[in-house]
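# Structural description and commentary
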Amino acid sequence: MSIDRLVPGDRMDGFYLLQSAAPRTTANGRPFLTVTLADRTGSIDGQVWDYAGPLGPQHTGQAVKVRGSVGEYRGARQVTVERIRLAFQSDGYDPSELIPTAPIDADDAWNELLELAGTIRDEHYAAVCRTMLERFGPRVRVIPAGKSVHHAFRHGLLMHTLNMARAADFLADLYYAVIDRDLLLCGTILHDFAKNMEFDLSPLGVVTDYSVKGQLLGHLVMGAEEVGKVCRELNVPDEKETLLKHLLLSHHGEPAFGAAVLPQTAESELLSYIDMIDSRMEIYRETFEETPVGAFSKRVFALDRRVYNHGLPPEEDPAQ
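Description of the structure in this document.

### Overview of the pairing of strand 4 (residues 63-73)
- With seven bridges joining them, strand 1 (residues 11-25) and strand 4 adopt antiparallel strand pairing. Paired with Leu17 across the two strands is Ala63, which belongs to strand 4.
- For strand 4 and strand 5 (residues 76-86), the ladder comprises ten bridges, and the chain directions are antiparallel. For Gly68, the partnering residue across the bridge sits in strand 5 and is Val81.
- Turn length for the strand 4-strand 5 hairpin, with the two strands adjacent in sequence and antiparallel, is two residues, and the turn residue Arg74 shows positive phi of about 55°.

Structure follows, in structure tokens:
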């Protein structure tokens, strides 16, 4: 049974993705394993009681065979795992069913992103964007946008980037008196491209850890470096190269959130807000998937609070 259909009282018996695994010890010293299991429809937390291995954090991103029962804890579904082991190819499971995937049509989303990039009129920004899309596109369109916080699923980076590019396109028109649309749109499309070098991926395409360069440099610095290389290859003027690199280095807004420098142009300020808005709205979307209407969620680590799902009005039938 897919995870999105599981309700308290169900039995869970099948193949799932081990999204996370953390060894723990009870107050009386008994070992147990806290896990997050996932498939392409969602995820569910659980515990494996009286368990000291062999599975552990080193197996995250791999497929596992699980048997257990679904219950409820603090308003959220939770599975008590009775048996768990690594899955084998001989088990005959379908890996494509295990990988959480963005709720988008990836081909349509990629084509729309290319169309938006094609509206950049400045010849230098357009050339940089086109070259980066050609060079890194095949990997960027598939990988997650993060390890766990938001858009942490297949095509997640594509979904995040397209949402942001749409917002940048709209806001550049709204604030035309202070925003260079071409600079903003180019920086928005490229802002997270270096995540393709920041992540280590499992054979199933799941982010299992950060690469050595990802930990020592981070995607902001590596992204600015890659943009700098392309700018020099294309003989982009120094000022345009500097402005574009500034957007990538400052798009986290504050040093406390990972920004290498503070935003110091209107475009970099706006990009940092667009990034924050899309990441936070995705956190709400994912949280509401696990939170019944009329209930508060469990504490959301990334927001440092519980959030309330008041529900949405029913969508109107466009045919009526």
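### A short note on the packing of helix 4 (residues 181-190) against helix 9 (residues 266-289)
- Axis separation between helix 4 and helix 9 bottoms out at 10 Å; the angle between their running directions is 40°. Here helix 4 lies oblique to helix 9, going by the angle between them. Note that helix 4 runs across helix 9; the crossing there is right-handed. On the side of helix 4, the interface is formed by Leu183, Leu184, Gly187 and Thr188, while helix 9 contributes Glu267, Leu270 and Leu271.

### Digging into unusual backbone geometry
- Here Gly53 and Pro54 are connected by a cis peptide whose omega angle stands at 15°.
- One can find Pro54 in the loop between strand 3 (42-49) and strand 4.
- Its identity is not glycine, yet His155 carries a phi of approximately 70°, on the positive side.
- In this fold, His155 is placed in the loop between helix 2 (123-140) and helix 3 (156-174).

### Thoughts on the sheet that holds strand 4
- Read around the closed barrel, the five strands follow the order 1-2-3-5-4; overall the barrel is mixed. Strand-to-strand, the axes of this sheet are offset by a mean angle of 45°, without reference to chain direction.

### Structural notes on the pairing of strand 2 (residues 31-39)
- Most of strand 2 is tucked away: seven of the nine residues are buried.
- Relative to strand 2, strand 1 runs antiparallel, the two sharing eight bridges. Paired with Ser20 across the two strands is Thr36, which belongs to strand 2.
- Hairpin connection between strand 1 and strand 2: a loop of five residues separates the two successive antiparallel strands, and Gly29 in this loop has a positive phi of roughly 85°.
- Of the pairings in the sheet, the one linking strand 2 to strand 3 comprises eight bridges and is antiparallel in character. Its bridge partner being in strand 3, Val35 is matched across the sheet by Gly46.
- Linkage of strand 2 to strand 3, two consecutive antiparallel strands, is achieved through a turn of two residues.

What counts as what
- Residues numbered from 1 in each chain as written.
- Predicted model: local features only at pLDDT ≥ 70, side-chain atom pairs only at ≥ 80, totals over all residues.
- Heavy atoms only, no water.
- Pairing = 2+ DSSP bridges.
- Helix = DSSP H or I, 4+ residues; strand = E, 2+ residues; numbered from the N terminus.
- Axes fitted to C-alpha atoms, helices over the stretch in contact; angles between N-to-C directions.
- Parallel < 35°, antiparallel > 145°, perpendicular 65-115°, else oblique.
- Left-handed = near helix turned anticlockwise from the far one by under 90°.
- Contact = heavy atoms within 4.5 Å.
- Buried < 20%, exposed > 50% of the residue type's maximum accessible area, 1.4 Å probe, protein only.

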